[in-house]
Structure formats: structure tokens, C-alpha cells
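Coordinate analysis (summary)
Here are the chains, one letter per residue:
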Amino acid sequence: EITTKDDLHLLPTDGIADWHNTMERIKKANYNGILMSEVAYADREGKDGILLGYGQKSLEEYLTMAYKKIKKAVSM
């Protein structure tokens, strides 16, 4: 069941989204534009109850982590 806890604006590859399938579909569509992600720089609790700790990091640490996760998603 999908609830409001599923709409957390997490970084790419975090949460319950199927990133492999999502990125595969984007590539199959030959999309050549800009991908944007609305994320939150604050503590977030995933559906499994695990606190992701975004807000516990400095802004520099958070942005570095975001960059790495975006690269991971794009490489799928």
C-alpha cells in the first residue's frame, strides 16, 4: 500500500523506487535532456523505518552524496 511516507523526495537510488527500471526506460526513450530531482535536505524516515540522516550531514557532505547517487542512477 502506498502512503504519504512514500513521497519523501529522497535522493536517487534511496527509497522504494525501481531505479534500474526507471533508468532503463529513460534510456530506451533516447531522452537527451536534463533530469531533475526534487530532494529534501532534512532527516527522512524511509518506509522501513530507517532514518536516512540527510540532515545530519553538512551541506557539502549531502551534495557530495547526492552527486554520487545521481552518477550511480545514470550508470544503471
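Structure: above.
The paragraphs below set out a description of the structure included in this document. What you are looking at is a predicted structure, and each value in this text was computed from that prediction instead of being measured.

Take the side chain of Lys69 next. Among the structural elements, Lys69 can be located in helix α2 (residues 59-74). Discounting residues that sit within four places of it in the chain, Lys69 has contacts with Leu11, Pro12, Thr13 and Asp14.

The end-to-end C-alpha distance of α2, which contains 16 residues, comes to 22 Å, matching closely the 22 Å that a straight helix rising 1.5 Å per residue would cover. The set of residues buried in α2 consists of Tyr62, Met65, Ala66, Lys69 and Ala73. For α2, the arc enclosing every buried residue in end-on projection is 105°, short of the 170-degree limit, so these residues lie on one face. What points out from α2, more than 90 degrees from its buried face, is the exposed set Glu60, Tyr67 and Lys68. Where α2 is buried, its residues contact α1 (19-28).

Bringing the pattern of salt bridges into the picture now. This model, assessed by the stated rule, comprises two salt bridges. A salt bridge links Asp14 to Lys69; its shortest N-O distance comes to 2.8 Å. Highlighted residues: Asp14 in the segment before α1 and Lys69 in helix α2, separated in sequence by 55 residues. For the residue pair Asp14 and Lys69, the accessibility class agrees, reading buried in each case. One salt bridge in this structure joins Lys28 and Glu24, with 3.5 Å as the shortest N-O distance.

What counts and how
Residues numbered from 1 in each chain as written. Predicted model: local features only at pLDDT ≥ 70, side-chain atom pairs only at ≥ 80, totals over all residues. Heavy atoms only, no water. Helix = DSSP H or I, 4+ residues; strand = E, 2+ residues; numbered from the N terminus. Contact = heavy atoms within 4.5 Å. Expected span 1.5 Å × (residues − 1). Buried < 20%, exposed > 50% of the residue type's maximum accessible area, 1.4 Å probe, protein only. Arc of directions from axis to C-beta. Salt bridge = Lys/Arg side-chain N within 4 Å of Asp/Glu carboxyl O.

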